Amino acid sequence: MVNPAEIPTTRVSDLPADGAVLLDVREADEWAAGHAPGAVHIPLGDLPASTDRLAELPDDRPVYVICRTGGRSAQATAWLNAAGLVDAVNVAGGMKSWQTEGRALETDHDAAEPEVL
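Residues numbered from 1 in each chain as written. Predicted model: local features only at pLDDT ≥ 70, side-chain atom pairs only at ≥ 80, totals over all residues. Heavy atoms only, no water.

Considerations on the nonpolar core
Quick reminder of the rule: For our purposes a nonpolar core is just a set of buried Ala, Val, Leu, Ile, Met, Phe, Trp, Tyr and Cys residues, chained together by side-chain atoms within 4.5 Å. Only protein chains enter the accessibility calculation, which uses a 1.4 Å probe. A residue is then buried if its area is under 20% of the maximum for its type, exposed if over 50%, and partly exposed in between. The helix and strand labels rest on DSSP assignments: H or I over at least four residues marks a helix, E over at least two residues marks a strand, and numbering proceeds from the N terminus. In what follows, residue pairs with any heavy atoms lying within 4.5 Å of each other are defined as contacts.
Formed by 14 residues in total, the largest nonpolar core has its most connected members in L23, V25, L47, L54, V65 and L80. Of all the secondary-structure elements, those providing two or more residues to this core are β2 (21–24), β4 (63–66) and α3 (71–83). Excluding residues within four positions of it along the chain, V65 makes contact with L23, V25, S73, A76, T77, L80, A88, V89, N90 and V91. Counting 13 residues, the second-largest nonpolar core is a separate cluster that includes L15, V89, M95 and W98.

Right under this line is the structure:
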């Protein structure tokens, strides 16, 4: 088991303004309701079977892992780093903090306002 203090973590406010690679590990309904533009979506439970998709992520910079509030993304970050697949960093506060910080959101639902479930 990984000590939570050992999981690399950053705040939404400290994310790079441009070029950040964001991996959203929420479920499909959460993603569809509202997500960060340009984020990659792989639900937490699908990560072990998605090594081919994970291999497509850049390996020359951190991959910022996000969920609703930071719990699932912390688990994903620990697993990704232990597996050596990417240089993963957990986003504390998740998409709730993303929304609070006024960052852009988009939705998969036509004519609906994006929201964080």
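Moving on from the model shown.
Focus: the sheet that holds strand β1 (residues 9–11)
Note the following rule: DSSP bridges decide pairing: two strands pair if at least two such bridges lie between them. For every element, the axis is a line fit to its C-alpha atoms; helices are fit only across the contacting stretch, and the angle between N-to-C directions ranges from 0 to 180 degrees.
If you walk across this open sheet you meet the five strands as β1-β5-β4-β2-β3, and the pairing is parallel. Every interior strand has two partners, whereas the edge strands, β1 and β3 (40–41), have only one. In this structure, β1 lies alongside strand β5 (residues 88–92), joined through three bridges in parallel fashion. Following the sheet pairing, T10 is matched in β5 by V91. Where α3 meets the sheet, it contacts β2, β4 and β5, and its direction lies at approximately 170° from that of β5.

As for the side chain of D24
Tracing the sequence through the fold places D24 in strand β2. Residue D24 is classed as buried on the basis of its relative accessible area of 0%. Aside from chain neighbours lying at most four places away, what touches D24 is W31, H35, V40, H41, I42, P43, I66 and M95.

A closer look at the pattern of salt bridges
Put simply, the test is: A pair is scored as a salt bridge if a Lys or Arg side-chain nitrogen falls within 4 Å of a carboxyl oxygen belonging to Asp or Glu.
Under the counting rule described, the total for this entry stands at four salt bridges. Note that D14 and R11 form a salt bridge whose closest N and O atoms lie 3.2 Å from each other. Among the salt bridges present, the one from R72 reaches E30, with a minimum N-O distance of 2.9 Å. Of the two residues, R72 sits in helix α3 while E30 sits in helix α1 (residues 28–33), which places them 42 residues apart along the sequence.

What about the layout of surface pockets?
The cut-off we apply is this: A cavity here means a set of points on a 1 Å grid, drawn over the protein atoms and nothing else, where a 1.4 Å probe fits but cannot get out; a pocket is an open set with protein on both sides within 12 Å along at least five of seven lines, and a residue lines either one if it has an atom within 4 Å of a point. Grid points are joined across faces, edges and corners, and a volume is the space filled by probe spheres set on the points. Lys, Arg, Asp and Glu make up the charged group, whereas Ala, Val, Leu, Ile, Met, Phe, Trp, Tyr, Cys and Pro make up the nonpolar group; the residues left over, Gly among them, are polar.
If you add up the space inside the largest pocket, you get close to 170 Å³. Considering the residues around the largest pocket, the lining is formed by 13 residues, among which P16, A17, A20, P37 and W98 are closest to the centre. Residues belonging to the lining of the largest pocket are distributed by class as follows: 10 nonpolar, one polar and two charged.

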